[in-house]
Amino acid sequence: MTQDEQKRAVAAAAIEYAPIGSLIGVGTGSTANYFIDELAKIKHKIDGAVASSDATAKRLLSHGIEVVDLNNVDDLSVYIDGADEITEHLHMTKGGGGALTREKIVAAVAKKFICITDQTKFVDILGNFPLPIEVIPMARSYVAREITFLGGQPALRQNFITDNGNVILDVHGLQILNPVEMETKLNQITGIVTNGLFARRSADILLLGTDEGVKTLRP
């Protein structure tokens, strides 16, 4: 299967993890968009969706799926989203689309996190894909200096502002051998809103699109 076919296949497979009569947390990006298209086919069976970005909310609404504010949600059974990189332990990096903060919030609320991705995103060690970090604008230079002490080479994402009004630093050159430890270190740098490591709250299930079809992996 092509990469696009793999994305479509995992998006379709993820529908079985969308409980009938519940709210579904929905991620951001190309694979998540395919999931939204699949979700539209059963929209009459769900209560609506919680969106992880303005772009996702817009796509959901275009399909006639009700978008619910997370602040009005007491219980979220599942969150379904893609990844930029993911390991066999289901630690991942996210934020290539710039929605990492809201993605991490929705993932934290959800009882179950299902990652859907194609085989090109499955890696032994995180770090080849630049690690996105959302930063308060006035702290950009300070955070960049602190990141260099950790061995990374931060680059400002040009002409991009997050849905929260912040900037993104994409960190190159990191070989992330201990994702939980690195996520914790980055969380302690003042001015960072969120970093793109999803290791402390990793996925519960990975639906991986391969040439042989969809494989289900658990940590």
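Within any chain, residue numbers begin from 1 and follow the written order of that chain's sequence. Per-residue local features are limited, in this predicted model, to residues with pLDDT of at least 70; the limit for side-chain atom pairs, both in listing and counting, is 80 or more; totals at the level of whole chains, interfaces and linings are taken over all residues. The side-chain numbers reported here are obtained from all heavy atoms of the structure, hydrogens and water having been left aside.

Undergrad: Teacher, can you tell me more about the sheet that holds strand β9 (residues 167-172) here?
TA: Sheets are built from strands that pair by backbone hydrogen bonding, the pairs being arranged parallel or antiparallel. Only strands that DSSP links by at least two bridges are regarded as paired with each other. The helix and strand labels rest on DSSP assignments: H or I over at least four residues marks a helix, E over at least two residues marks a strand, and numbering proceeds from the N terminus. Strand order in the open sheet formed by 4 strands is β8-β9-β7-β10, and the pairing between neighbours is antiparallel. Every other strand in the sheet has two partners, leaving β8 (153-156) and β10 (192-195) as the edge strands with one partner each. Here the average twist between neighbouring strands, direction ignored, is 30°. Judged from the 4 bridges that link them, β8 and β9 form a sheet pairing that is antiparallel. Within β9, the position partnered with Pro154 by the bridge is Val171. Against the sheet, helix α4 (residues 100-109) touches β7 (131-135), β9 and β10, its axis set at about 65° to β10. In the packing of helix α6 (residues 179-187) onto the sheet, contacts are made with β7 and β10, and the angle to β10 comes to roughly 165°. Helix axes are fitted only over the stretch in contact, all axes being lines through C-alpha atoms; the angle between N-to-C directions runs from 0 to 180 degrees. Working rule for contacts: check all heavy atoms of both residues, and any pair within 4.5 Å makes them a contact.

Undergrad: In this structure, what is going on with the packing of aromatic side chains? I would like to understand it.
TA: The geometry of two aromatic rings is summed up by the distance between their centres and the angle between their planes. Any two rings among Phe, Tyr and Trp, with Trp reduced to its six-membered ring, count as a pair given centres within 6.5 Å; such a pair is stacked if its planes are under 30 degrees apart, edge-to-face if over 60, and tilted if neither. A full pass over the atoms with the stated rule returns 2 aromatic pairs. Judged by centre distance (5.2 Å) and plane angle (45°), the ring pair of Tyr79 and Phe113 falls under tilted. Linking Tyr79 in strand β3 (residues 78-81) with Phe113 in strand β6 (residues 112-118), this pair joins segments that are 34 residues apart in sequence. The same class applies to Tyr79 as to Phe113, namely buried. Ring-pair connections join several aromatic residues into one group, and the members of that group are Tyr79, Phe113 and Phe198. The aromatic ring of Phe198 is capped on one face by Lys94, whose charged end is 5.6 Å from the ring centroid. Any Lys NZ or Arg CZ found within 6 Å of a ring centre and within 35 degrees of that ring's normal is scored as a charge over the ring. Geometry around Phe160 places Arg157 over its ring, the cationic atom sitting 5.2 Å from the centre. Relative accessibility thresholds used throughout: buried, under 20% of the residue-type maximum; exposed, over 50%; partly exposed, between the two (1.4 Å probe, protein chains only).

Undergrad: What exactly am I supposed to notice about the pairing of β7 here?
TA: When a strand is regular, its side chains alternate between the sheet's two faces. β7 sits mainly inside the fold: 5 of its 5 residues count as buried. Burial of β7 is two-sided: the residues Leu131, Ile133 and Val135 facing one way and the residues Pro132 and Glu134 facing the other way are all buried. Pairing of β7 with β10, which is carried by 3 bridges, proceeds in the antiparallel orientation. Pairing of Ile133 across the sheet is with Asn195, part of β10.

Undergrad: Explain the sheet that holds strand β5 (residues 92-93) here, please?
TA: Read from one edge to the other, the open sheet built from 3 strands follows the order β4-β5-β11, with strand pairing classed as antiparallel. At either margin of the open sheet sits one strand with a lone partner, and together these are β4 (85-86) and β11 (197-198). Of the pairings in the sheet, the one linking β4 to β5 comprises 2 bridges and is antiparallel in character. Bridge pairing in β5 links Ile86 to Met92.

Undergrad: In this structure, what is going on with helix α1 (residues 3-13)? I would like to understand it.
TA: Note on helix geometry: an α-helix contains 3.6 residues per turn, so any two residues three or four positions apart are oriented the same way. By the burial criterion, the buried members of α1 are Gln6, Lys7, Val10 and Ala11. Down the axis of α1, the buried set is contained in an arc of 135°. They therefore lie on one face. Along its buried surface, α1 packs onto α2 (30-39), β6, β12 (205-210) and β13 (213-217). This arc describes the spread of directions from the helix axis toward the C-beta atoms.

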